[in-house]
Amino acid sequence: MTLSVYMLDSPFNLDKNEIKKAVKAIMNFRTQPEYINSLEIALFHPQIDAQSWNKLLDSRGASKAYQDKIYSEPMVRLLTLKALLIPKFLPDFLIWIQTAPKPDDCWESCRKLQASIVTEYQKNIGGLPCLTRNVKDGIYSLLSRLITKPKSSKSDSTIQHKLRGLVHSKFDIPKLVKATKLLLTQKDGFWSQVYRVSFTKDLADALTQIPDLWEPGIITNYPEEQQKFLTNLQPFWRYPGKTDKNYLSLAQFFEEVEEPHFAAIFYQISTGEVPANIFYSLSRKGNVKKGTLFEMTLIRKKGLLDHIHSALDAGIYFVTENLILIIRRMVIGLLLGTIGLITILLISSLLISLYEKDLQASMDEKIAALEEELKSAQASTTDTNNPETLTEISPENQKLFNRTHEAIKAMITNLTDYINQLPPNTLNSIGIPENVQDNNEYIVLFCVKRRLDLAPSFQYGEIGKYNERWQEFSDAIKEYQKSKGVDTPDGVIDKDGRTQRWLEEDIRNQCLNPHGG
């Protein structure tokens, strides 16, 4: 029997008894292909909406079982069927199961029914398009519930759900996250099959398309629950830097189910930064290019080592500047004449020079010691971080470094005026410590490392000393050159060359202008 036979008129006029028979059979765990196909055909018909399904399912006792918390096997199967046929009911169904006296028994009844449908689904993945569409839309409804902050709720961690007098009071979001994970990872479950086979790909495609969904009407091409989900996400692409802490549960969920690319997006949306372990795992896999994923800029969360480096770097400049100020005041106070003044100035300059060298050497030793002690805390640590594996830079690499260093110095000169005219708080917003915000060399190197996808803790001063450090820096330049369309990248920044110009442009338009690109 083909689909066209059923499309002659409304199924509830033409085949109402067939559909009722299918519901009753599935409720009683008879899942022959003809019953599943009857539901698929009914879902295809545009006149069969949620209200129609509710009326039919209520005639079998669906609403009564839900309100009165009747957890018999037939009722669990009936409400499982309701969640399949009415996508927006899925979150309420999971809450209903989780509040049962024996939720594990309910889960088993639900799983068995899904498994019987999966058998038919697996015969031809494209054979149940309407049921599959509903399952996907139900997952979107479920994800939306994880981020929804109901008006009646007193906190972000509770849901107060009402349906015809039934109240699920203070249902914890973490419990709903757990139930969602179970549903979508359950062996031989229908929802989990669709989630693995096509939902994750569809979500990735949708996230890629969100920046193009500004035009009115385009978003309506999606099913209802997916449309709502994507509509709520659009502002985070339209207004970079916008955050909403209610998406944190969604980020944690995707982290638990080992979908790091989705977890990264929702951590960025919810907290404004991505945990280092997730950020680096995506970088190693090549998912994150120049700090962007699905056209959203990701900001790595700073770890302990980052803060120590920032503090030490800031301390060097702070102590040096204050020492210079003190000595200068002493000189002025001890003026004894022209000869005495010249003598004291020469001595003070010598002392400052010696102190700076000693201080820098001391700080370098402390940084090296801290790197060794805390290397396990940094997710991107490699064998080259061990000083024993480093080799002195070769003459060939030294020449390449010198060319690159000249270009870096030129960049600092070229960007100085731009940096000095930045609006207030710009440097704070991109993570430049306040005590070094007048040091343009620090700022430019910070941005160079960011554009090359190098950790802030990467020591630029070591690339002219060790082959391994130069190679790491050079490889990062090659990847950057490839991203700009260079067919044969050389891993060197030449003074006044195109790589220098690209970096200067990116630093102006992106690193130092976080809302501009």
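Criteria and thresholds
- Residues numbered from 1 in each chain as written.
- Predicted model: local features only at pLDDT ≥ 70, side-chain atom pairs only at ≥ 80, totals over all residues.
- Heavy atoms only, no water.
- Helix = DSSP H or I, 4+ residues; strand = E, 2+ residues; numbered from the N terminus.
- Salt bridge = Lys/Arg side-chain N within 4 Å of Asp/Glu carboxyl O.
- Buried < 20%, exposed > 50% of the residue type's maximum accessible area, 1.4 Å probe, protein only.
- Disulfide = S-S within 2.5 Å.
- Core = buried A, V, L, I, M, F, W, Y, C linked by side-chain atoms within 4.5 Å.
- Contact = heavy atoms within 4.5 Å.

A.B. asks: Would you take a moment to explain unusual backbone geometry for this structure?
C.D. replies: Where the residue is not glycine, phi is negative for most of them; where a peptide bond is considered, it is trans in most cases. In the Ramachandran plot, Asp453 falls in the positive-phi region, its phi being about 60° despite a non-glycine side chain. Along the chain, Asp453 turns up in the loop between helix H21 (440-451) and helix H22 (467-483). Located in the positive-phi region is Asp496, a residue other than glycine, with phi close to 65°. Its location among the elements puts Asp496 in the loop between H22 and helix H23 (498-511).

A.B. asks: Before we go on, may I ask you to explain the pattern of salt bridges in this structure?
C.D. replies: Proximity of charged atoms lets side chains of opposite charge pair with each other. Considering all chains together, one arrives at 17 salt bridges under this definition. Here Arg111 makes a salt bridge to Asp188, at a shortest N to O gap of 3.0 Å. With Arg111 in helix H9 (residues 103-123) and Asp188 in the loop between helix H11 (173-185) and helix H12 (190-209), this residue pair connects regions lying 77 residues apart in the sequence. Here Lys228 and Glu225 are joined by a salt bridge, their closest N and O atoms 3.7 Å apart. With Lys228 and Glu225 both in helix H13 (residues 224-238) and three residues apart, this pair spans about one turn of that helix. Judged by relative accessible area, which is 6%, Glu225 ranks as buried.

A.B. asks: Even after reading the chapter, I still don't get the state of the cysteines, so can you show me in this structure?
C.D. replies: Note: disulfide means a covalent bond formed between the sulfur atoms of two cysteine side chains. Enumeration over the complete set of coordinates arrives at one disulfide. Sulfur-sulfur distance for the disulfide between Cys447 and Cys511 comes to 2.2 Å. The sign of the -75° torsion about the S-S bond sets the Cys447-Cys511 disulfide as left-handed. With Cys447 in helix H21 and Cys511 in helix H23, this pair connects stretches of sequence that are 64 residues apart.

A.B. asks: Looking at this model, I keep getting lost on the nonpolar core. Mind explaining?
C.D. replies: For soluble globular proteins, the rule of thumb is that nonpolar side chains tend to be buried together. Judged by nonpolar contacts, the single largest core of 99 residues is most densely connected at Trp53, Phe93, Phe229, Leu233, Trp237 and Phe254. Setting aside its immediate chain neighbours within four residues, Trp53 contacts Ile19, Leu39, Ala42, Leu43, Ile48, Leu85 and Ile86. By size, the runner-up hydrophobic cluster in this structure holds 36 residues, among which are Phe401, Ile419, Val448 and Ile477.

Interpretation in functional terms is not warranted from these geometric data alone.
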